[in-house]
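Below are the chains, spelled out letter by letter.
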Amino acid sequence: MTTWTALTTLADKAQAEALGAALEELEPEPTGVGVFEMEDGSGLFEVGGYFTEAPDDIALAILAAAHGARPFTVSEVPETDWVAHVRRELHPVEAGRFFVYGSHDADRLPGDRIGLLIEAAMAFGTGHHGTTKGCLEAVDRLLTAGFTPRNVADVGCGTAVLAIAAAKVLDGPVIASDIDPVAVDVARANVAANGVEGRVACVEAAGFDHPELDRNAPYDLVFANILKGPLVELAPDMAPRVAPGGRVILSGILTPQADDVIAAYTAQGFALEHRREIGEWTTLTLRR
Ligand SMILES: C[S@@+](CC[C@H](N)C(=O)[O-])C[C@H]1O[C@@H](n2cnc3c(N)ncnc32)[C@H](O)[C@@H]1O
């Protein structure tokens, strides 16, 4: 059976990025290289590389040492187990009352948490990123404070993790939209897997450019975990679609960019209510 060789190590951000670039240049060529921030608050980054042909041990040791990284952990991954392996690597994420998990961790769902079943797939939003976690914690905080949105939009839904969270704790309609048709397909599959298909509509749209999004407006709650640029562009379209007293939860914002996003939304009549940093990302809650 064909096997993959998986290499992983830890380093600080600059070293991890340089090491990731060096791995790309290695002979034999890797089939994939990734650099991910650890979610344990250590500030370390994991560098991973996958090869169909194992690189030379000595070359790897020199490469890690030259970048101030720990020695690589090398493991063999059977090709047929690849998808399952990636999924198994994704541990559940707790964010407020929510517990985001893959089907391989179904038996770990605590009885007092709201489970969001999200399989790793070709869309963003497994809960592991600080932006997704920030949005889940932000809505948890609003719910704890007694805010009960009657309708919700999740613009840039990815896996629809935020829309599913809303549908599981609220009674009203939820609409999930994404500019990427692949994400919309993944969103639909996740919505069905979570048993909320009657409650969450999934549509392909750039920003609010879809009749379904307008039909349900104005919203009591809008999530938009997209990047700073699209968020700033979206501000004038957002204002008329959020009910007075409604909230927007915005993420995908690198912390130094947060003031620009706040300025764009306060110019449209929103007031900053809460901000939270996770790693290098900031999540904002604003009230209209
Ligand atoms: C960072 S992911 C967020 C996914 C998920 N909402 C979460 O919180 O994990 C951003 C998503 O927004 C989508 N997106 C980016 N720009 C957009 C736009 N202008 N309108 C709608 N979706 C957009 C991307 O395709 C991507 O799926």
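Fair warning: this is a prediction, and the values are worked out from it, not measured in the lab.

Draft legend 1. Region of the structure containing the sheet that holds strand E11 (residues 219-225). Pairing is mixed in the open sheet, where seven strands are placed in the order E10-E9-E8-E11-E12-E14-E13. Of all the strands in the sheet, just strand E10 (200-204) and strand E13 (271-278) have a single pairing partner and so form its edges. Strand-to-strand twist in this sheet, taken as the mean axis angle between neighbours without regard to direction, amounts to 15°. Seen against the sheet, helix H5 (residues 161-169) touches strand E8 (152-155), strand E9 (174-178), E10 and E11 and runs at an angle of roughly 180° to E9. With respect to the sheet, helix H6 (residues 181-193) is in contact with E9 and E10, its orientation differing from that of E10 by roughly 170°.

Draft legend 2. Here's a closer look at the packing of aromatic side chains. Within this structure, the stated rule accounts for two aromatic pairs. Judged by centre distance (6.0 Å) and plane angle (40°), the rings of Phe99 and Tyr101 are tilted. For the pair Phe99 and Tyr101, a shared accessibility class is recorded, and that class is buried.

Draft legend 3. The pairing of strand E6 (residues 98-101), seen in detail. Burial along E6 is two-sided: the residues Phe98 and Val100 and Phe99 and Tyr101 are all buried. The sheet contact formed by strand E5 (residues 93-95) and E6 spans three bridges and is antiparallel. Within E6, the residue paired with Ala95 across the bridge is Phe98. Linkage of E5 to E6, two consecutive antiparallel strands, is achieved through a turn of two residues, within which Gly96 is found at a positive phi near 60°. In the sheet, E6 pairs with strand E7 (residues 114-117) via four bridges, with the strands oriented parallel. Across the sheet, residue Tyr101 finds its bridge partner in E7, namely Leu117.

Draft legend 4. Spatial organisation of a negative patch on the surface. Negative charge collects at one region of the surface, where Glu24, Glu25, Glu27 and Glu29 lie side by side. Topologically, Glu24 is positioned in helix H1 (residues 13-24). The class of Glu24 is partly exposed, set by a relative accessible area of 44%.

Draft legend 5. Layout of helix H9 (residues 258-266). Every buried residue belonging to H9 is among Ala258, Val261, Ile262, Ala264 and Tyr265, and all of these are buried. Projected down its long axis, H9 carries its buried residues within an arc of 160°, all on one side. Elements that come into contact with the buried residues of H9 comprise helix H8 (228-238), strand E12 (242-254), E13 and strand E14 (281-287).

Draft legend 6. A look at the domain arrangement of the protein chain. One can read the domain layout of the protein chain as domain 1 (3-88) and domain 2 (123-287). Here domain 1 and domain 2 have C-alpha centroids that lie 33 Å from each other.

Draft legend 7. Fine view of the environment of Pro218. Relative to the helices and strands, Pro218 is located in the loop between helix H7 (211-215) and E11. The exposure class of Pro218 is partly exposed, given its relative accessible area of 43%. Along the chain, Pro218 and Val242 lie 24 residues apart, while their C-alpha atoms are 4.8 Å from each other. Among residues more than four places away in sequence, those in contact with Pro218 are Asn151, Pro240, Arg241, Val242 and Ala243.

What counts, and at which threshold
- Each chain has its residues counted from 1, following the order in which its sequence is written.
- Per-residue local features are limited, in this predicted model, to residues with pLDDT of at least 70; the limit for side-chain atom pairs, both in listing and counting, is 80 or more; totals at the level of whole chains, interfaces and linings are taken over all residues.
- Side-chain numbers here rest on the full set of heavy atoms in the structure, without hydrogens or water.
- Being paired, for any two strands, means DSSP has found at least two bridges between them.
- Only DSSP runs of H or I with at least four residues qualify as helices, and only runs of E with at least two residues qualify as strands; both kinds are numbered from the N terminus onward.
- For every element, the axis is a line fit to its C-alpha atoms; helices are fit only across the contacting stretch, and the angle between N-to-C directions ranges from 0 to 180 degrees.
- When checking whether two residues touch, look at their non-hydrogen atoms; a contact exists if any pair is within 4.5 Å.
- Aromatic rings from Phe, Tyr and Trp, taking only the six-membered ring of Trp, are treated as a pair when their centres fall within 6.5 Å; an angle between ring planes under 30 degrees marks them as stacked, one over 60 as edge-to-face, and anything in between as tilted.
- Any residue under 20% of the maximum accessible area for its type is buried, any over 50% is exposed, and the rest in between are partly exposed; the area is computed with a 1.4 Å probe on protein chains only.
- To count toward a patch, a residue needs a relative accessible area over 30% and no salt bridge; like charges are then connected within 9 Å, while nonpolar side chains (Val, Leu, Ile, Met, Phe, Trp, Tyr) are connected within 5 Å.
- Here, Shrake-Rupley sampling with a 1.4 Å probe gives the accessible areas, and only protein chains in the shown set may cover a residue.
- Definition used for salt bridges: Asp or Glu carboxyl oxygen within 4 Å of a side-chain nitrogen of Lys or Arg.
- None of His or the chain ends enter the tally, which takes Lys and Arg as positive and Asp and Glu as negative.
- Taken as the charge centre is NZ of Lys, CZ of Arg, CG of Asp or CD of Glu, depending on the residue.
- It is the directions from the helix axis to the C-beta atoms that the arc portrays.
- An automatic or database domain assignment is the source of the domain bounds shown.

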